[in-house]
Structures are given as structure tokens and as C-alpha cells.
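If you want the building blocks of each chain, they are given just below.
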Amino acid sequence: MKRPVFYILLFLAIGIIAGRYAKELWHIALFGFSVCFAGYCAFKLTKNVPAFVLPFAAMVGYILCVYAGIPHHTEVDRLTDKQISVSGRVHSVLYRSNSGNSCFLLTAEAFDDKENSVISSDARIRVYSEERVYPGDRIIVEGKLQGDNEKSNPADFDRKAYMLARKQDYTVYADKVIYKGSELSLNAVMQGIKEKACEVFYKAMPEKDAELMCGMMLGETVNIDSDIDELYKKTGIYHAIAISGLHITLVGGILLKLLTSFNKTIGMIATIAILSCYCILTGCSVSVVRAVIMFYIMLLGSVLLYDYDIISSGALSACILLVYSPYYLFDAGFQLSFGAVFAIGAVRDITERFKGNNKIIEAAGFNLGVDLAVKPISAFHFYYVNIWSVIANLIIIPFMSAAVALGFVIALAGFISDGAAKLLAMPVVLILNAVEGWCRFFEHIPLSYVITGRLPWLFILLYFVFLFVVYKGIMLNKLKGALVTVAVFICLCIGARVCSSLKNTTEVTFLKVGQGDCAVAAGKGYCIVVDSGNEGNGENVLLPHLMYKGVSKVDKVFISHTDSDHIKGITEIIGEINIEDIYLPSVYNENENYKELESLCNTYNINLDIFNQGEVIRLNKTDKIECLYPYDNLSLEENNTSMVNRLVSGKGSVLFTGDIEAEAEQLLLKSNTDLKADVLKLAHHGSPYSNTKEFISEVKPLLAVASAQKSVYGHPADKVINFLEKNKITCYITEYSGAVTVKFSQKGIYVNTQREDNYE
């Protein structure tokens, strides 16, 4: 079996996936049978003993993942969501922003919940604070202990997997940090060197460029200008400002050449030591650890006199990382880093197979291979891709390599002379400005930024199987078979796209936005938004959700009224996504929120209109949205002039009620308006002054949704919940259920919640 370590990695990964997702007994039994059968087939095909190792690797992966997901600090768990003080030692500083905020990892020793209950524990705490601390400091942190990392909305960052991968158990946003002393540690020394190097960059070049260099060279990406950060992401070259194998290859190669010229053994040991320190200095990110392990494997190969193979080396380093922390498998950085490594290895195989000597063609091949490998991973995690990134990278990578090489020289020179550092920084500033200009060019050409939505796992699996088949076809000189595979895959993609477009279902998702309203409805050929939550909800919840669903254009936005918790979210994302029309009720408050919305609509040429009572907007052949309220010339306070809309599809309906209260509900009842709906968005977050028995009885919903934060404001009110329960109307509260998705189809109405509703 060629490259057995790669196949061991594959089975280890299968075991880890099963460990996370296989919950039922029959799932586990199917997994066990499948890996044993696959291992037997591999043995029969290769007649190679290592094939027997494959089922064992899968079982190891399964056990490691299950163990990693088990809570290991059950006594501390009861303190979550409580004010506590925790004493311990600062293990490492994860980042420190220019504004003074920092994030550090604390190895806990004892927890105190302020009720004379002290618990000894070695839990690892991720602490956010405004205090300046250093590795080795002994401190006491006071704040609220947070251990709940479950996603609340479909597009939320998977914080649980992120924390598990890094073996971090809890989070504390510190109210107070008490310094108790310090101990000398290697981490502390490395932190001091990092801060000194950062000072060198800030003295030697303009702030914007210094922020980039600190990110590229030292891992301090938190300070990078948000505009530049977004530009690099959209252009598809963000990896250029992440510490990766490029840095390790440069540093390791130069050090090895210099140090081994005096003494080979001592030079290799010194190189290993320096690279290990650099890894600690930059925060031990996945890509850096991967590159360092691979460099060590290369050094070991040179001693043992075996040929270095990048795919086997990458697979071995991946196995080491996954055995240490199996949840790294679900980390975007891990997937992108190793995807790029295996792509480079595959392209190198092809170039060696055909003995290509053209360096430009070879470089283009490496760029294309990496681009093909990482694009689906990028789309899965970030919901967009850049079609032209392969061309952008082909030109940018050599320049960024030069900037990285000069960056090390600038940092070293700055320790001796500020003037020398400034002189050396001049070409780097020119390079960074040229790269920015190049990115600006790509930002404005067609298909520079394509929203894909989250790609299905099955598609990604088939995509990589397709790449593997094409690779094997080329390696076996069966180009005709490879071309047929490409054609079949393209046909399958087109067929899947056509079948998807033929589906005629309507889906409404009530997003969790705290004490606010925000719903996204999508059907065949349209996407609408009803309210948009408060400040921060637009950028952090609504826009990611739209991208997650693959929405590049919002057809209609309906704002029930101009209170901040309904309108602020949409003002944050105007200009970030294409919006056709925004509608307000016929009676609204021309407050600052309205003025901001009006100004943005004028700037971005968005139609801002009134949705009058009695009007109907057709969304497609079966779906429409009706305005039921407010009536013209009402002289009520703003909540009672909220827009009330009903979305009607071929298979169900939803009533959106804004923040109306009992007075408006009575007006609707007296008007004999048809209020019947399958789903009721509870008025004013379930307030006791809304949602009267008469109103709910007239609507006759099958289920109700309260977009509310009951633990803070008491919404929805107990009397409302009790009435719903008495009438057997299921009620979902977004604080506990997370996002609530209702799907109307020919087979019925289906409800899915992001989290298990544990409200009692």
C-alpha cells in the first residue's frame, strides 16, 4: 500500500466523525461493520499488512472523539452562568489588541462561587479582559463563568468544536483581575520578544502596514484594519496574512543552512529549538504546528536517509494533531492547511510523472491544485468563494514571500537600530501597497465575490472523490477516463442544481437576536426579511444567515416599526448585500433610526416605500405577503402602529405581529380581518400586554414563536405561555430553542430548532 499513513489518517478521520455524530446504537454498529469491511477490502487489494491497521485507526479516532466530548469538570459545570472568582496561572496570551483588550488562557486552580464553596480544578479558561497580563502571572479573575458553547443560529461560529479542539473548557469575561505574583516561563520570554517585535514594526512603517506585518509574522491578526481584513478574505488571499508553512520553510531553511555550516548535528538541534520557540511565540496555530512537525520529519528523513514525501509527512503530522485533539478535524484552519498540503503533494506527483521543467507552469499548477482543494472548504465555512483567486495568488504569493523574508530581517534589525529597520521596511511597504491595489482590482471584476451558501457534506465528499479519481487517471496516464470523470461530475452538479430549483417549499426562520425580532422567509425565487434585530444583529446574525443560505439578493425587507430592536440590523448590512425594496408601515416614527435608514437607502439606491393596509405583494405563483395593519391616520403610540403582515404559501401561513399590544389587537378583531395562520409570531416578544386570549383564539395557530429573552425581560409572559399550553399550541422561545425554522411543503409543516428547548 503506497503511503499507508495517508490511509491511516483517512480512517482515523472517519472514526472521529463517527465519534461526534453517531449517537444511536445502530449508527455505531454500522460504523464498526463498515470500517472492518473496508479494512478487509484494502488488505485483499494490496496484500499489505498495514491494511489491518485501518479499522484499528478508525476505532481509535472514535474513542478519542467520544472521550474529548465528555465533560471533565462536572463540579465546575454547576457554576456556569454564575459570578465566580477563579485563581490560577496565565498559560499564554492568545492576543492583545491595540485598544487594550486581551484574551489569555488561564490554567485554573480553584473556583469560588461566592457562596463559600471552593472547588479545586485544573480547567482551562479562556479569559477576555482589559488588564495587561503575561504568561506565568498568578492571578485571580472575577467574572461570569460561561460554558455553553452551543450554536444558537444556523450560521453561528461553531464555538463548541473550536473550544474542544483547543482543550479550553470555559470562558470568562473578566470584571476584575487581581495580580498575585509571577513565575518565569518560556511563554513569558516569547511574549516579551513578540511585543518588542511588534514595536519594531509600528516604529518602522505606517500603522496599517505594521498591523499587517504583526499578523503575518507574529500571529497578531486581531489588530489588522477591518477593511483590509475583509478585502483579503473576499479576494481569496487571506492565507497570505496567516502564519503558515511559508514562514517555517523560510526560517527553517535559512537557519539550517547557516547553522549546519559550522556543525551539522548542533545546527539541526539549534534549528529545531528556534523553530519550536517561534511556534510558541506565534501562538501555536494549527498551520504553524503542522509546518513545524513536517519540517522535523524532513530533518529526520535526512538523518535516516529516506526520501521526503510531502503527502506522507502531512498525513503523519495530521495524525499527531488529531490524536492530541480530535476536534481539530472540524476546524477550518486544520482543513484548509492540510487540504493545501495534500494538493501540493498531488501536483508534485503529476509534475514528476510528466517530468515538467517549466517553473512558471509548475507554479501555476501548484496554485490551481491548492485552489481546487480549498475552495469547497472555504465555501463550507465562510459561504463564499472568489473565482479569480488562483490568478490573484499566482502573482501575489512571490511578493508576499519577499515581504515575509524581509519581515524577519526588519524585526532583527529593529532590536539593534530603529533607523535600519525603517530603511529595510521601505520595500515591504511598497509590496503591501501593491498587493492592496491588486486586490482592489480583483474586488471590482465580475465573480470576484460569489456567495455559495454552506455546501452540503455529501457534495464536498463527492467533490474530493472526483478530484482523487482525476488525479489517479492522470497518474495512470488514462487522460480519457479523467476527462469522462470531469464530464460526469459536471453533469451531476447541473442535475442537482436543476432538481433543487424545482423544489417548491417555503421556509421561515426566526433567528435568535436576543430581545428583538428578525425572520427570514424564502421560497421558490424569492427571499424576504421581516424585521432585523438590534445593533450588532445585522453583521453577526442576519448577514451570516443569508450567506449561509446562499442568498445574494434580498427581494423585500419589511420593518414593522422603527424601534432599534427591529430596524438596526438592516441598517448595518445595507451595502453588504443586494436589497431591492424596504417597506415601512403607513404610520411610523421619524426618529434617528428612520433617518439613518432613509440616508442609506438614498446612498445605495434602494427603494424605500410604504406597505399599506390591504396591499398584497405576490412573491411567486403560490406565495404572497399581505399587509393587515396599521390603518391610516392612527394616533396611537408606536408599538400599536406596528406593521402586521401575513405570509401565505401554498401549504401554510405565518402571522408577523411586530410589537402590537392589546389595543391594536382589538382593532384587528373588530375589523373582522382574516387573521388565521398556522404560525404566530407572538406580539411584542410575548408581552403580557399583548397576545390576548381573544386574539390568539382568532388566529388559531398550530404553533407560536416568541423572539425574546425571558431570563432578562420576562418575555414571553407566563400567562401567555399558560394559555398556549392550555390550548395545545406549541410555543418556541428563541432564547432556549435558538433559531426556529418552519418549513411548509406538500408533505406538511416541519419545525426544526437550532437547540433543544430546555425551558421549563
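This one's a predicted model, so the numbers in the text were calculated from it and none came from an experiment. (Residues numbered from 1 in each chain as written. Predicted model: local features only at pLDDT ≥ 70, side-chain atom pairs only at ≥ 80, totals over all residues. Heavy atoms only, no water.)

Caption draft 1: A look at the overall build of the protein. Helices and strands together make up the secondary structure of the protein, namely 26 helices and 23 strands. Across its three principal directions, the C-alpha atoms of the protein cover 95 × 70 × 55 Å. Classification of the 760 residues of the protein by burial places 50% in the buried group. Put simply, of all contacts in the protein between residues at least 6 apart along the chain, 70% involve residues at least 24 apart. Put simply, the protein shows about 35,800 Å² of open surface, and 60% of that area lies on carbon and sulfur atoms. (Helix = DSSP H or I, 4+ residues; strand = E, 2+ residues; numbered from the N terminus. Buried < 20%, exposed > 50% of the residue type's maximum accessible area, 1.4 Å probe, protein only. Contact = heavy atoms within 4.5 Å. Areas by Shrake-Rupley, 256 points an atom, 1.4 Å probe, with all protein chains shown as cover.)

Caption draft 2: Spatial organisation of the environment of Ala-522. Among the secondary structure elements, Ala-522 is positioned in strand E10 (residues 518–523). Owing to a relative accessible area of 27%, Ala-522 belongs among the partly exposed residues under this scheme. Residues Ala-522 and Trp-457, spaced 65 residues apart in sequence, show a C-alpha to C-alpha distance of 22 Å. Beyond its immediate stretch of four places on either side in the chain, Ala-522 contacts Thr-505, Thr-506, Glu-507 and Cys-527.

Caption draft 3: Broad picture of the sheet that holds strand E21 (residues 730–733). Across the sheet, which stays open at both edges, the seven strands sit in the order E15-E16-E17-E18-E19-E20-E21 with mixed pairing between neighbours. Each edge of the open sheet carries a strand with a single partner, namely strand E15 (616–618) and E21. Averaged over neighbouring strand pairs, the angle between their axes works out to 15° when direction is ignored. Pairing between strand E17 (residues 644–648) and strand E18 (residues 653–656): four bridges, direction antiparallel. Along E18, the bridge assignment pairs Leu-647 with Val-654. (Pairing = 2+ DSSP bridges. Axes fitted to C-alpha atoms, helices over the stretch in contact; angles between N-to-C directions.)

Caption draft 4: Molecular detail of the packing of helix H6 (residues 186–204) against helix H10 (residues 264–281). With their axes 9 Å apart at the nearest point, H6 and H10 run at an angle of 75° to one another. With respect to their mutual orientation, H6 and H10 come out roughly perpendicular. Across the interface between the two elements, Leu-186, Asn-187, Met-190, Ile-193 and Lys-194 from H6 touch Cys-277, Ile-280 and Leu-281 from H10. Broken down by class, the residue content of the contact of H6 with H10 amounts to six nonpolar, one polar and one charged. (Parallel < 35°, antiparallel > 145°, perpendicular 65-115°, else oblique. Nonpolar A, V, L, I, M, F, W, Y, C, P; charged D, E, K, R; others polar.)

Caption draft 5: Spatial organisation of the nonpolar core. Counting residues in each nonpolar core, the largest one holds 80 residues, and the members touching the most others are Phe-201, Met-205, Met-216, Tyr-232, Phe-334, Met-400 and Ile-410. Looking at this core element by element, the count peaks at 10 residues for helix H11 (residues 286–304). Of all hydrophobic cores here, the second largest spans 33 residues; its members include Tyr-383, Leu-511, Met-547 and Leu-597. (Core = buried A, V, L, I, M, F, W, Y, C linked by side-chain atoms within 4.5 Å.)

Caption draft 6: Structural detail: the sheet that holds strand E22 (residues 740–745). The eight strands lie next to each other as E14-E13-E12-E11-E10-E9-E22-E23, forming an open sheet whose pairing is mixed. Strands at the two margins of the open sheet, each flanked by one partner only, are strand E14 (607–610) and strand E23 (748–753). Averaged over all pairs of adjacent strands, the angle between strand axes in this sheet comes to 20°, irrespective of strand direction. Across six bridges, the pairing between E22 and E23 is antiparallel. Each residue of the ladder has a partner; that of Thr-741, found in E23, is Asn-752. Lying on the sheet, helix H20 (residues 564–573) is in contact with strand E11 (526–532), strand E12 (553–558) and strand E13 (578–584); it crosses E11 at an angle near 130°.

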